[in-house]
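Architecture at a glance
Residue-level listing of the chains:
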Amino acid sequence: MKPMKKYNAITPEGTRDFVLEECTARREIEKKLMDLFREHGYSEVITPFVEFYDVFDTPERPFPMETVYKLTDSKNRLLVVRPDSTLPIIRLAQTRLKDEPRPLKLCYNQSIYRVKPKESGRDDEIAQCGVEKIYDKDVVGEDINRNGTVLELAKAALEAVSEFTGCASHFDKIELQSGETHSYYTGSYFNGYIEGYGKPVITGGKYKVGDTYAQGFAVNVSAVVKKYVSRDNDTVRIALTKGRVEKESLKLFTKMGWDVSGYADKGRQLIFTIPHVHVEIMVAKSPDVITFVESGHCDIGITGKDMIMEYGGRFDEVLDLGFGKCKFSLAAKVGSDFYDGHSIKTVASKYTSVTRRFFLREKDLDVNIVKIEGSVELAPLIGAADGIVDIVETGATLRENGLEVIEDIADISTRVIVNPVRMKMKKTRIDAILSAMEKFCEGDN
């Protein structure tokens, strides 16, 4: 029998040890924030590491319950590891603190735990400092925009974070649109950012849970510490898709006046610094380009529209460079009628998300989808599929194998994507790069 694997030398996925400078940095920023909150009249509370599931099973459902760590107690009651601090504090306000005068001004310094997508590179354990200002009725709740409010305190917290990390900061206040839902917020909400980190480090707003109205925000201390110990400069990092996109991008950079002459001799060096322009370029597979831009570890990505359509993500598509033009197409054997008959068709493709969306949204058809990583043209030839969805440039490979295009799905070319947070933090530099790209790629469009 194979011995059971032991995990005594590693931490669970999504967690990590804090060591040396990280510990010092974490305690220092926690102290700065908690001192700030106390100066503004907030009292600290600490809620349990585990709570009953029912505390979080609310109609508002601020986060999917499948992202919660669950366990049972000795009486077989369902518990969860604290995934959020707001709901436990509201529970506390409605019970032990129910007779305290309102508004209640409470602050906290504790971690939350949520199950993040595996291999996403995101933490399941997040250290937070935050505040909750709790009212009995909405009519006595103060305007979030008035001076001295939670919004002003959040701006002061962001200023403290910015000073601590040495990074520029940016604050956004967003009005909820009609029909839009954003967690349990009922009015405007806000996000605070620091330069060099691709996601908000402060999030908050005005919200309602049951009959309780409150305002609050949380500071992602883990993110602040991560940024503090990395402390990168204002260099813009660009991720290129390996292969044709890489080669065409280097030609474009040369037209822009960047010296990439040493790129061919970089050897095994993974990140190449372009002299005199404070730009780094790195090469990766298309899905990784998207991952690096989405996470904020790269500011700009250059990849094909096919990958953008297949994977999606939290980034902005800002420019069509025009090279690498081709199409997503549905193809089948010459002379066959793909849409004939009533049987469910089988379609082979590397691009399963694109295929699924096309048939469901555009055709309102249910099809069986077979994922093929290699030569997808083989599938209809051996009877494994009725048709294929693939990238078609000249159509020569299809013709040589007795296949033909039935229908074009979308135009494909090379696109530029940016991380929206990095765009705000490095707007002047990134705008200049995008303008130069647009200027010198015009002849290729």
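Please read these numbers as outputs of a predicted model, since none were measured by experiment. (Residues numbered from 1 in each chain as written. Predicted model: local features only at pLDDT ≥ 70, side-chain atom pairs only at ≥ 80, totals over all residues. Heavy atoms only, no water.)

Within the protein chain, the secondary structure is distributed over 12 helices and 21 strands. Seen through its C-alpha atoms, the protein chain measures out along the principal axes to roughly 80 × 60 × 60 Å. The buried share of the protein chain, taken over its 445 residues, is 47%. Partitioning the contacts of the protein chain with sequence separation of at least 6, the portion at a separation of at least 24 is 66%. Taken as a whole, the protein chain presents about 23300 Å² of accessible surface, with 50% of it coming from carbon and sulfur. Charge-centre separation for the protein chain: the mean point of 63 positive side chains lies 4 Å from the mean point of 69 negative side chains. (Helix = DSSP H or I, 4+ residues; strand = E, 2+ residues; numbered from the N terminus. Buried < 20%, exposed > 50% of the residue type's maximum accessible area, 1.4 Å probe, protein only. Contact = heavy atoms within 4.5 Å. Areas by Shrake-Rupley, 256 points an atom, 1.4 Å probe, with all protein chains shown as cover. Lys, Arg positive; Asp, Glu negative; His and termini not counted. Charge placed at Lys NZ, Arg CZ, Asp CG, Glu CD.)

Mapping aspartate 337 onto the fold places it in the loop between strand E16 (326-333) and strand E17 (346-349). Measuring from C-alpha to C-alpha, the distance between aspartate 337 and aspartate 386 comes to 9.5 Å, with 49 residues separating the pair along the chain.

A word on helix H4 (residues 221-230). Of all 10 residues in H4, 7 are buried, a share of seventy percent or more. Within H4, the full set of buried residues consists of Val221, Ser222, Ala223, Val224, Val225, Lys227 and Tyr228. Residues of H4 that are buried make contact with helix H1 (21-39), strand E6 (125-135), helix H3 (150-165), strand E8 (185-194) and strand E10 (212-220). Capping the start of H4, asparagine 220 holds a side-chain oxygen 3.2 Å from the backbone nitrogen of serine 222, two or three residues further along. (Polar contact = N/O pair within 3.5 Å; in protein donor to acceptor, adjacent residues only side chain to side chain.)

With respect to topology, 3 strands assemble into an open sheet ordered E2-E4-E3, the strand pairing being antiparallel. Strands at the two margins of the open sheet, each flanked by one partner only, are strand E2 (50-52) and strand E3 (70-72). Adjacent strand axes in the sheet meet at a mean angle of 40°, parallel and antiparallel pairs treated alike. Relative to strand E4 (residues 78-81), E2 is paired through 3 bridges, and the arrangement is antiparallel. Bridge pairing links glutamate 51 to valine 80 in E4. (Pairing = 2+ DSSP bridges. Axes fitted to C-alpha atoms, helices over the stretch in contact; angles between N-to-C directions.)

As a note on interpretation, predicted positions should not be read in detail where pLDDT is low. Looking at the protein chain as a whole, its pLDDT mean stands at 89, while 91% of the residues score no less than 70. When mean pLDDT is compared element by element in the protein chain, strand E1 (residues 43-44) scores highest at 98, while helix H11 (residues 420-425) scores lowest at 82. (pLDDT = per-residue confidence, 0-100.)

Taken N-terminus to C-terminus, the directions of helix H5 (residues 244-255) and helix H12 (residues 427-441) make an angle of 100°; their axes are 9 Å apart at the nearest point. Compared by their axis directions, H5 and H12 come out roughly perpendicular. Taking contact as the criterion, the partners of Leu252, Phe253 and Lys255 in H5 are, on H12, Met437, Phe440 and Cys441. (Parallel < 35°, antiparallel > 145°, perpendicular 65-115°, else oblique.)

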